[in-house]
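Topology and contacts: notes
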Amino acid sequence: MIKVNSHYLKLKSSYLFADIARRVRDFQEKNPNVSIIRLGIGDVTLPLPPACIKALHQAVDEMASASTFRGYGPEQGYDFLREKIAQHDYQARGVDISPEEIFISDGAKCDTGNFQELFAQDIKIAVPDPVYPVYVDTNVMAGRTGEFKDERYEGLVYLASTKENNYLPELPSQKVDLIYLCFPNNPTGATIGKEELTRWVNYALENKALILFDAAYEAFIQDENLPHSIFEIPQAKKVAVEFRSFSKTAGFTGTRCAFTVVPKECVIYTEQGNPIELHKLWLRRQTTKFNGVAYPIQRAAEAVYSPEGQQEIKNNINYYLKNAQLIRTTISDLGLHCVGGENSPYIWIECKRDSWEFFDLLLQKAGVVCTPGVGFGKCGQGYVRLSAFNSYENVQEAMQRIKNIF
Ligand code: MLT
């Protein structure tokens, strides 16, 4: 008899964004004449930057000729891309990361989800609440939690990120081994300063813990005082792994390209307390389970670092931030508290009622899709998230419709 991995049975029946998509589909079927505006899942709407398209075309042409054709590439990614990333995203900001420490992948979702495979079953895990569901669900699948009760999984340490603490979770009061952090934050849009981030790095150093730092929204940072990478914090390379993505930065949500930085000096420990290089383990994992990102896609990602590419992605980010500004102003004018949207594409709104009830209200009365805050955790109850990824015209229309229902 083929038996199920019983940990899957602990999961909520569907993934948050799949659940929302289903509800929207049902609504649209019943109301075919409503033009729905999607400000739910953070999916970009602007096309790929012209510099990326040009590189993609050229790379596709290379694949058409035997002399330039490429088969399997290196599992960790091509050097041409890893070198550009190390230089532009790290060394240019005074952070000493080498190309060998960079692993190219097909998404930060996959990497943040897969990384937990490297750890023992009995580690103590801390996650912020609200939180990107992938960090939690993948640990549930791996059997590191108990049952789901009262919007939380038993066995996890939840760190409340609320209005009261400015959406910056406190350090755990009990000892934990693995910490997930995401800044600029998904879903709240909150940011973290160098001083606060240093406290997390020091905690990890003192407790021989590891921080998985999701910086997928780093490109939206406008405030020059904010760190773009956890590796800007002294000694962070010993205790942190960083995830980045081209999805939101350069419109690669459908194209798929991201990267993970695993510093060579970062270690985890055997049962006996002996250090093991994390880099070696991730390399072993990737070379076994992953065959790399398609060559043309990596060439397209490389083009992000060309002078034209840099200008084009800046324009796109500014475009989305203008949408975010409009959302913030409209929501604040309606007398609702909100955060985010200044260094992030997400606006986190206190809706003063049940999150799903507000989701239904916006969908049914305004034809606008948001993400219910409670889908990100118990502390998200009473909140919804709006995403700035849509056309300015659609955001204007959505804001007008929301104003009309208030
Ligand atoms: C989100 O809306 O939270 C993101 O688009 C999800 C993702 O990047 O996987």
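Thresholds applied
- Residues numbered from 1 in each chain as written.
- Predicted model: local features only at pLDDT ≥ 70, side-chain atom pairs only at ≥ 80, totals over all residues.
- Heavy atoms only, no water.
- Phe/Tyr/Trp six-rings, centres within 6.5 Å; stacked < 30°, edge-to-face > 60°.
- Helix = DSSP H or I, 4+ residues; strand = E, 2+ residues; numbered from the N terminus.
- Buried < 20%, exposed > 50% of the residue type's maximum accessible area, 1.4 Å probe, protein only.
- Pairing = 2+ DSSP bridges.
- Contact = heavy atoms within 4.5 Å.
- Axes fitted to C-alpha atoms, helices over the stretch in contact; angles between N-to-C directions.
- Salt bridge = Lys/Arg side-chain N within 4 Å of Asp/Glu carboxyl O.
- Near = heavy atom within 4 Å.
- Polar contact = N/O pair within 3.5 Å; in protein donor to acceptor, adjacent residues only side chain to side chain.
- Areas by Shrake-Rupley, 256 points an atom, 1.4 Å probe, with all protein chains shown as cover.
- Nonpolar A, V, L, I, M, F, W, Y, C, P; charged D, E, K, R; others polar.
- Domains from an automatic or database assignment.
- Core = buried A, V, L, I, M, F, W, Y, C linked by side-chain atoms within 4.5 Å.
- Left-handed = near helix turned anticlockwise from the far one by under 90°.
- Patch = residues over 30% accessible without salt bridge, like charges linked within 9 Å, V, L, I, M, F, W, Y side chains within 5 Å.

A few words now on the packing of aromatic side chains. Within this structure, the stated rule accounts for 25 aromatic pairs. Residues Y90 and F231 carry aromatic rings whose centres are separated by 6.5 Å and whose planes lie at 55° to one another, so their mutual orientation is tilted. Of this pair, Y90 sits in helix α3 (residues 79-90) while F231 sits in the loop between β8 (210-214) and β9 (240-245), placing them 141 residues apart in sequence. Each of the two residues, Y90 as well as F231, counts as buried. Judged by centre distance (5.8 Å) and plane angle (85°), the ring pair of F115 and F243 falls under edge-to-face. Of this pair, F115 sits in the loop between α4 (108-114) and β3 (125-129) while F243 sits in strand β9, and the two are 128 residues apart along the sequence. Exposure remark for F115: the relative accessible area of 0% places this residue in the buried category.

A few words on the sheet that holds strand β14 (residues 346-350). In space, the four strands of this open sheet follow the order β13-β14-β17-β16, with antiparallel pairing throughout. Each edge of the open sheet carries a strand with a single partner, namely β13 (338-340) and β16 (371-372). In terms of strand pairing, β16 meets strand β17 (residues 383-387) through two bridges, oriented antiparallel. Among the inter-strand pairings, T371 is bridged to a residue of β17, identified as R385. Across the sheet, helix α10 (residues 307-333) touches β13, β14 and β17, and the angle it forms with β13 is around 165°.

Below, the discussion takes up the pattern of salt bridges. The final tally for this structure, using the stated rule, is 22 salt bridges. In this structure, K237 engages E265 in a salt bridge whose closest nitrogen and oxygen atoms are separated by 3.6 Å. Residue K237 is found in the loop between β8 and β9, and its partner E265 is found in the loop between β10 (258-261) and β11 (267-269); the two are separated by 28 residues along the sequence. Assessed through its relative accessible area of 15%, K237 is described here as buried. Classification of E265 as partly exposed rests on a relative accessible area of 41%. Connected through salt bridges with shared partners, the residues D19, R22, R23 and D26 form a single ionic network.

So, on to the site of the ligand. In the region of the ligand, the neighbouring residues are F17, I41, G42, K109, Y132, N186, Y217, K248, Y346 and R385. Taking Y132, its side chain carries an N or O atom lying 2.5 Å from an oxygen atom of the ligand. In the environment of the ligand, an oxygen atom lies 2.9 Å from a nitrogen or oxygen atom belonging to the side chain of K248. Within the complex, the protein chains bury 86% of what would otherwise be the 270 Å² of accessible surface of the ligand. Along the lines of polarity and charge, the residues of the shell around the ligand split into five nonpolar, two polar and three charged. Residue contributions to the shell around the ligand reach at least three from each of two domains, namely domain 1 (6-47 + 308-405) and domain 2 (54-306).

A separate point is the domain arrangement of the protein. Domain annotation of the protein identifies domain 1 (6-47 + 308-405) and domain 2 (54-306). The C-alpha centroid of domain 2 is placed 24 Å from the C-alpha centroid of domain 1. Residue-level contacts link 38 residues of domain 1 with 48 residues of domain 2. Taken together, the links from domain 1 to domain 2 amount to two salt bridges.

Once that is clear, we can look at the nonpolar core. Counting residues in each nonpolar core, the largest one holds 53 residues, and the members touching the most others are I211, F246 and F252. In this structure I211 touches I179, L181, W200, V201, A204, I230, V239, A240 and V241, once residues within four positions along its chain are discounted. Formed by 39 residues, the second largest nonpolar core is a distinct cluster that contains A190, F358, V369 and V395.

Across the interface, helix α1 (residues 16-30) lies against helix α11 (residues 355-366) with an axial gap of 11 Å and an inter-helix angle of 40°. Both α1 and α11 take part in a crossing whose hand is right-handed. Each of L16, D19, I20, R23, V24 and F27 in α1 lies in contact with α11, whose residues at this interface are W356, F359, D360, L363 and Q364. Looking at the contact of α1 with α11, its residues break down into seven nonpolar, one polar and three charged.

This next bit is on a nonpolar patch on the surface. A cluster of nonpolar side chains, V4, Y8 and L9, forms an exposed patch at the surface whose accessible area comes to about 330 Å². You can see L9 is positioned in the segment before α1. Taking relative accessible area as the criterion, L9 reaches 62% and is therefore assigned exposed.

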